[in-house]
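# Understanding the architecture of this molecule
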Amino acid sequence: METIFIMKEGCIMVPTREEAYDLLTKYNQSDSLIKHALSVEAVMGHFAELLGEEDVEKWKIIGLIHDLDYEKYPDEHCKKTKEILEGENWPEDYIRAVISHGWGICTDVEPVERMEKVLYTIDELTGLVTATALMRPSKSILDMEAKSVKKKWGQKSFAAGVDREVIKTGADMLGMELNEIISETIKGMRKVAEEIGLKGNV
């Protein structure tokens, strides 16, 4: 039986992608943050399909909105997102998934569901993939493979803000090889290469 959600004040709503994007751009004007959100959205959708998840759109929306508060409230990251999404009557499981990506950094909400573990893992990784692609002659993700990212992995001065330990911890949580996660993250980002500025000259 199809579930019907009645939208009215005070009721929990199931957000649409359009509503999530409007909320994202209400709180974020930074081009780099919006591109990061689009990257994570695409990769979350890719992993949902890869893992045979039914609600791919849910995974994508959570990826899109995960850094909602970062531009305006960097010192209250995740905490403000929780407040904002509760004020918008978002479902509790969406909110929990979003804030779990900050586990051990700015929140004590541990990723438990597979969706949460994927978000936790690929959030930092998309930053490393982006930085690697921009260093290539083509400045493109379309002709880049996982080995290029692995070459930069051990260079701590490269994309120094990317926490490699978080990525490795997430990979262990998922029981996936790091190379596979990097490869699938690249594939997900290729789907929005133009939107995230990584089409380059390929």
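For the structure itself, consult the block above.
Below, the structure is looked at part by part.

The rules we used
- Residues numbered from 1 in each chain as written.
- Predicted model: local features only at pLDDT ≥ 70, side-chain atom pairs only at ≥ 80, totals over all residues.
- Heavy atoms only, no water.
- Axes fitted to C-alpha atoms, helices over the stretch in contact; angles between N-to-C directions.
- Helix = DSSP H or I, 4+ residues; strand = E, 2+ residues; numbered from the N terminus.
- Parallel < 35°, antiparallel > 145°, perpendicular 65-115°, else oblique.
- Contact = heavy atoms within 4.5 Å.
- Nonpolar A, V, L, I, M, F, W, Y, C, P; charged D, E, K, R; others polar.
- Core = buried A, V, L, I, M, F, W, Y, C linked by side-chain atoms within 4.5 Å.
- Buried < 20%, exposed > 50% of the residue type's maximum accessible area, 1.4 Å probe, protein only.
- Phe/Tyr/Trp six-rings, centres within 6.5 Å; stacked < 30°, edge-to-face > 60°.
- Left-handed = near helix turned anticlockwise from the far one by under 90°.
- Expected span 1.5 Å × (residues − 1).
- Polar contact = N/O pair within 3.5 Å; in protein donor to acceptor, adjacent residues only side chain to side chain.
- Salt bridge = Lys/Arg side-chain N within 4 Å of Asp/Glu carboxyl O.

## A short note on the packing of helix α6 (residues 114-135) against helix α9 (residues 178-190)
- In contact at an axis separation of 10 Å, α6 and α9 are set at 70 degrees when each is read in the N-to-C sense. Overall, the two elements α6 and α9 adopt an arrangement that is roughly perpendicular. Residues Thr 121, Ile 122, Leu 125, Thr 126, Val 129 and Thr 130 of α6 form the contact with α9, whose own contacting residues are Ile 181, Ile 182, Thr 185, Ile 186 and Met 189.
- Looking at the contact of α6 with α9, its residues break down into 7 nonpolar, 4 polar and no charged.

## Side note on the nonpolar core
- Membership of the largest hydrophobic core comes to 56 residues, with the highest contact counts inside it found for Ile 65, Trp 90 and Ile 141.
- The dominant element in this core, judged by the number of residues it contributes, is helix α2 (residues 31-50), at 9 residues.
- Apart from the residues within four sequence positions on either side, Ile 141 is in contact with Val 129, Ala 133, Ile 186, Met 189, Arg 190, Ala 193 and Leu 198.

## Thoughts on the packing of aromatic side chains
- Counted according to the given criterion, the structure contains 2 aromatic pairs.
- Ring geometry for Trp 90 and Tyr 94: centres 6.0 Å apart, planes at 90 degrees, overall edge-to-face. Taken as a pair, Trp 90 and Tyr 94 share a single burial class, namely buried.
- Between Trp 103 and Tyr 120, the aromatic rings sit 5.8 Å apart at their centres with planes inclined by 55 degrees, giving tilted as the arrangement.

## Section: the packing of α2 against α9
- Contact geometry for α2 and α9: axes closest at 8 Å, N-to-C directions at 115 degrees. Read as a crossing pair, α2 and α9 show a hand that is right-handed. Side by side, α2 and α9 meet where Ser 39, Ala 42, Val 43, His 46, Phe 47 and Leu 50 of the first sit next to Ile 181, Glu 184, Thr 185, Lys 187, Gly 188 and Met 189 of the second.
- The class makeup of the residues in the contact of α2 with α9 is 6 nonpolar, 4 polar and 2 charged.

## A few points about unusual backbone geometry
- Backbone geometry places Lys 139, a non-glycine residue, at a positive phi of 50 degrees.
- Of note, Lys 139 is situated in the loop between α6 and α7 (146-153).
- Under the relative-accessibility criterion, Lys 139 is labelled partly exposed at 46%.
- Its identity as a non-glycine residue notwithstanding, Ala 159 has a phi of 45 degrees, on the positive side.
- Within the fold, Ala 159 resides in the loop between α7 and α8 (164-174).

## Here we look at α2
- For α2, which comprises 20 residues, the first-to-last C-alpha distance of 28 Å matches the rise-based estimate of 28 Å (1.5 Å per residue) to within 8%.
- Within α2, 15 of the 20 residues are buried, which leaves the element mostly enclosed by the surrounding structure.
- Backbone geometry just downstream of α2 places Gly 52 in the positive-phi region, at approximately 75 degrees.

## Remarks on the side chain of Asn 28
- Mapped onto the elements, Asn 28 comes out in the loop between α1 (17-27) and α2.
- At 2.9 Å, the side chain of Asn 28 and the backbone oxygen of Leu 68 are in polar contact.
- Excluding residues within four positions of it along the chain, Asn 28 makes contact with Leu 33, Ile 34, Asp 67, Leu 68 and Glu 71.

## Structural notes on the pattern of salt bridges
- Counted by the stated rule, this structure contains 12 salt bridges.
- Its salt-bridge partner being Arg 136, residue Asp 143 comes within 3.5 Å of it at the nearest N-O pair.
- Judged by relative accessible area, Asp 143 falls into the partly exposed class, the value being 33%.

Nothing here speaks to function; it is geometry throughout.
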